[in-house]
Amino acid sequence: MTNWNAVAIGFLAGIVAGIVAFVVPVIGHIGAGLIAGFVAGFVAGNGITSGAWHGLLAGSLGGLVLAFFFGILGLILGGVSAGPVGGVIGGGGAFVLAVAIAFVFAIDSAIGGAVGGLLS
């Protein structure tokens, strides 16, 4: 059964680590995904499989939120700079790129979650 409290805590840890990743580039966004997954897996406990599942959920949720905001930002900036067609192209391109980043964020969050579940 999914522990949504663990997923929410992992998601919030990923948001904080992602913000810090912009300020301190050494951590990077891959590190932010690992941290989010580790926290979710550690809080969920119950072994590697449960940790990986909860880490994957936390990373996927964070990645989807990231994709949504990047898509909206691309739509707004493209619309301001190049009109309505530029907004659609800019927003669509930003959304596709953000979905690819979200996929990577989810994968490394699952790995971090498996480690967190193992250590809990």
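Check the entry above for the structure.
Read on for an overview of the structure. (Residues numbered from 1 in each chain as written. Predicted model: local features only at pLDDT ≥ 70, side-chain atom pairs only at ≥ 80, totals over all residues. Heavy atoms only, no water.)

### What about helix H1 (residues 4-23)?
Then step 1. Under the 1.5 Å per step criterion, the end-to-end length of H1 is 29 Å for 20 residues, consistent within 8% with the ideal 28 Å.
Then step 2. Listed in full, the buried residues belonging to H1 are Ala 6, Val 7, Gly 10, Phe 11, Ala 13, Gly 14, Ala 17, Gly 18 and Ala 21.
Then step 3. Regarding H1, its N-cap is Asn 3, as a side-chain oxygen of that residue lies 3.2 Å from the backbone nitrogen of Asn 5 further along. (Helix = DSSP H or I, 4+ residues; strand = E, 2+ residues; numbered from the N terminus. Expected span 1.5 Å × (residues − 1). Buried < 20%, exposed > 50% of the residue type's maximum accessible area, 1.4 Å probe, protein only. Polar contact = N/O pair within 3.5 Å; in protein donor to acceptor, adjacent residues only side chain to side chain.)

### Some remarks on unusual backbone geometry
Note on backbone geometry: most residues besides glycine have negative phi, and most peptide bonds are trans.
Then step 1. For Asn 46, which is not glycine, the phi dihedral falls at a positive 65°.
Then step 2. Along the chain, Asn 46 falls in the loop between helix H2 (28-44) and helix H3 (47-119).
Then step 3. Taking the relative accessible area as the measure of exposure, Asn 46 reaches 71% and is therefore exposed.

### As for the packing of aromatic side chains
Then step 1. Inspection of every chain in the model, using the stated rule, returns one aromatic pair.
Then step 2. The interplanar angle of 20° and the centroid separation of 5.9 Å between the aromatic rings of Phe 38 and Phe 42 together place this pair among those described as stacked. Separated by four residues within a single helix, Phe 38 and Phe 42 lie in helix H2, roughly one turn from each other.
Then step 3. What makes Phe 42 partly exposed here is its relative accessible area of 41%. (Phe/Tyr/Trp six-rings, centres within 6.5 Å; stacked < 30°, edge-to-face > 60°.)

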